[in-house]
Amino acid sequence: MAGQAQYEELMRQFSAFGAVKRELGRIMPPDCSSGSAAVLTLLGRHGDMRMSKLSELLAVDMSVTSRHAGHLAERGWIDRSPDPADKRSRILHLTPAGLAQLEQLSRRTCELLAERLSDWSDEDVARLSGLMARLRTSFDDCRTAAAHRVCDEPTQTTRTPANT
């Protein structure tokens, strides 16, 4: 198992990753926040879905999902239609304009990543992608378990320069 120094370095790298996210955010159109982009991406990947499923995939409260959906609907990028199985629920789906927006976001993101990672090998890019997916899965597993009160919570948090 990794030692404290390794975890502290990992925390520093997570903080540095904020710069990558900010740069990716700068290429977004002014009316498309990262949250809106995430909703478009999930709808593009998974297809039509209920608000509750989208909220679960985003790992945010339903009120946050509702605000994102409202923002996207105002721009004509998604439609919210009643769920035939439960009229109180809404089904979200991409409109042609939303699909075009998603394609533009994807193109911009891929161009930036290709530019910034041009000196990386294909194997390094694949390795990073695989490790990030594994990290996400580890946190998703704990979040799911925590919802069932299975994950152990740390009894004491040590404050270090890496996590302050």
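Here goes a summary of the coordinates provided. All of these numbers come straight from a predicted model, not from anything done at the bench.

### A look at the overall build of the protein
Looking only at helices and strands, one finds 6 helices and 3 strands in the protein. Reading the secondary structure of the protein in the N-to-C direction produces α-α-β-α-α-β-β-α-α. A total of 164 residues make up the protein; the buried ones form 23% of that total.

### Quick word on the pairing of strand β2 (residues 78-83)
Of the pairings in the sheet, the one linking β2 to strand β3 (residues 86-94) comprises 6 bridges and is antiparallel in character. By the bridge assignment, P82 is partnered in β3 with R90.

### Focus: a nonpolar patch on the surface
Together, M1, Y7, L10, M11, F14, L135 and F139 line one region of the surface with nonpolar side chains, adding up to about 760 Å² of accessible area. Secondary structure elements with two or more residues in the nonpolar patch: α1 (4-26) and α6 (122-147). Take the nonpolar patch: its biggest share by element is 4 residues, from α1. Within the element layout of this structure, F139 appears in helix α6.

### Some words on helix α5 (residues 96-116)
For α5, spanning 21 residues, the distance from its first C-alpha to its last is 30 Å, which sits close to the expected 30 Å at 1.5 Å a residue. Burial in α5 covers these residues: G98, Q101, L102, L105 and L112. The buried residues of α5 occupy an angular sector of 100° when projected down its axis, which confines them to one face. Turned more than 90 degrees away from the buried face of α5 sit P96, E103 and E115, all of them exposed. Buried residues in α5 make contact with α1, α2 (34-46) and β3.

### Remarks on unusual backbone geometry
Note: most residues except glycine have negative phi, and most peptide bonds are trans. The phi dihedral of A59 falls on the positive side, at around 60°, and the residue is not glycine. As for its placement among the helices and strands, A59 is situated in the loop between α3 (51-58) and α4 (62-74). For A59, a relative accessible area of 40% translates into the label partly exposed.

### Concerning the packing of α3 against α4
One can describe the packing of α3 onto α4 by two numbers: an axis separation of 9 Å at closest approach and a directional angle of 110°. Between α3 and α4, the angle falls in the class roughly perpendicular. The segment α3 lies against α4, with M51, S52, L54, S55 and L58 engaging M62, T65, S66 and A69. Of the residues assigned to the contact of α3 with α4, the class counts are 5 nonpolar, 4 polar and no charged.

### Observations regarding the layout of surface pockets
Of the pockets and cavities examined, the largest pocket occupies roughly 2,300 Å³. What lines the largest pocket is a set of 41 residues, among which F17, K21, L24, M132 and R136 lie closest to the centre. Those elements that provide at least two residues to the lining of the largest pocket are α1, α2, α3, α5 and α6.

### A few points about the nonpolar core
Most often, soluble globular proteins have nonpolar side chains that are buried together. L40, L43, L54, I78 and L92 are the most contacted members of the largest nonpolar core, which totals 19 residues. Among the secondary structure elements, those contributing two or more residues to this core are α2, α3, α4, β3 and α5. The element best represented in this core is α2, accounting for 5 residues. With near-sequence residues (within four places) excluded, L40 lies in contact with C32, L72, W77, I78, L94, G98, Q101, L102 and L105.

About the criteria used
Residues numbered from 1 in each chain as written. Predicted model: local features only at pLDDT ≥ 70, side-chain atom pairs only at ≥ 80, totals over all residues. Heavy atoms only, no water. Helix = DSSP H or I, 4+ residues; strand = E, 2+ residues; numbered from the N terminus. Buried < 20%, exposed > 50% of the residue type's maximum accessible area, 1.4 Å probe, protein only. Pairing = 2+ DSSP bridges. Patch = residues over 30% accessible without salt bridge, like charges linked within 9 Å, V, L, I, M, F, W, Y side chains within 5 Å. Areas by Shrake-Rupley, 256 points an atom, 1.4 Å probe, with all protein chains shown as cover. Salt bridge = Lys/Arg side-chain N within 4 Å of Asp/Glu carboxyl O. Expected span 1.5 Å × (residues − 1). Arc of directions from axis to C-beta. Contact = heavy atoms within 4.5 Å. Axes fitted to C-alpha atoms, helices over the stretch in contact; angles between N-to-C directions. Parallel < 35°, antiparallel > 145°, perpendicular 65-115°, else oblique. Nonpolar A, V, L, I, M, F, W, Y, C, P; charged D, E, K, R; others polar. 1 Å grid on protein atoms, 1.4 Å probe; cavity = no way out; pocket = protein on both sides within 12 Å on 5 of 7 lines; lining within 4 Å. Points joined across faces, edges and corners; volume = space filled by probe spheres on them. Core = buried A, V, L, I, M, F, W, Y, C linked by side-chain atoms within 4.5 Å.

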